[in-house]
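Architecture and fold: a report
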Amino acid sequence: AQSVTQLDSQVPVFEEAPVELRCNYSSSVSVYLFWYVQYPNQGLQLLLKYLSGSTLVKGINGFEAEFNKSQTSFHLRKPSVHISDTAEYFCAVSSFSGGYNKLIFGAGTRLAVHP
Amino acid sequence: NAGVTQTPKFQVLKTGQSMTLQCAQDMNHEYMSWYRQDPGMGLRLIHYSVGAGITDQGEVPNGYNVSRSTTEDFPLRLLSAAPSQTSVYFCASSPRTGGEGANVLTFGAGSRLTVL
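Bear in mind the structure is a predicted one, so any value in this text is a computation, not a measurement.

So, on to the pattern of salt bridges. All names here are of chain A. Evaluated as defined, the whole model comprises eight salt bridges over all chains. In this structure, E20 engages R77 in a salt bridge whose closest nitrogen and oxygen atoms are separated by 2.8 Å. On the criterion of sequence distance, the pair formed by E20 in strand β3 (residues 19-21) and R77 in strand β9 (residues 73-78) is long-range, its members being 57 residues apart. By relative accessible area, E20 is classed as partly exposed at 33%.

Pasting the structure below:
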């Protein structure tokens, strides 16, 4: 069975500082990995995804993530955060079977950017 | 605007009452799913469907029923609501195979349910 562990439930950071949100996964098969963001009182939207190819994936809003198969990790990074990045971030894993994508989510990391 | 529409946005129920959360998408997506979001637990998959007439259970299906009579609609039914079902519910859809789009879920805005 697949599972996702987000190692930090909350990450406080000052504006313009770098940030890393950590995600580890477990799976016995090849996986696809995602980061979604949820702004207050909204649904989830895709930040970035890893399907295959380059292990460094760039997403929207200046975020990037690196897939590390040996460490089964998919950490999310941003070199300089803004107040507007305050949100909850979810790491998710799926195996693409039969043409469909059944996502399993981590518990989420709440990023709080302070001025 | 194209997307996933959920209704109602807010609902308060008493224990034992029944209700249906509606989900509709206009993107002709074959795959639809329901998640619940609880603090500290992320999103957990309740039920999903890979096409009209086909549904299956996710991680936490107990207490919920679904059906898929059309491609567009995927309602979630609570037959006898319990306080443990107080949560925020999200519907999500995606296309089938055919490229990278098949791997991206489009989420609705959510339905907040409180069971007293």
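Past the structure itself, the notes keep going.
This part takes up the sheet that holds strand β1 (residues 4-7) of chain B. All names here are of chain B. With antiparallel pairing, the four strands of this open sheet are ordered in space as β1-β3-β8-β7. Across the chains shown, the open sheet's two edge strands, defined by having one partner strand only, are β1 and β7 (64-66). Neighbour to neighbour, the strand axes of the sheet diverge by 20° on average, direction disregarded. In the sheet, β1 pairs with strand β3 (residues 19-25) via four bridges, with the strands oriented antiparallel. In the strand pairing of β3, Q6 is matched with C23.

About the thresholds
Residues numbered from 1 in each chain as written. Chains lettered and ligands numbered in written order. Predicted model: local features only at pLDDT ≥ 70, side-chain atom pairs only at ≥ 80, totals over all residues. Heavy atoms only, no water. Salt bridge = Lys/Arg side-chain N within 4 Å of Asp/Glu carboxyl O. Helix = DSSP H or I, 4+ residues; strand = E, 2+ residues; numbered from the N terminus. Buried < 20%, exposed > 50% of the residue type's maximum accessible area, 1.4 Å probe, protein only. Pairing = 2+ DSSP bridges. Axes fitted to C-alpha atoms, helices over the stretch in contact; angles between N-to-C directions.

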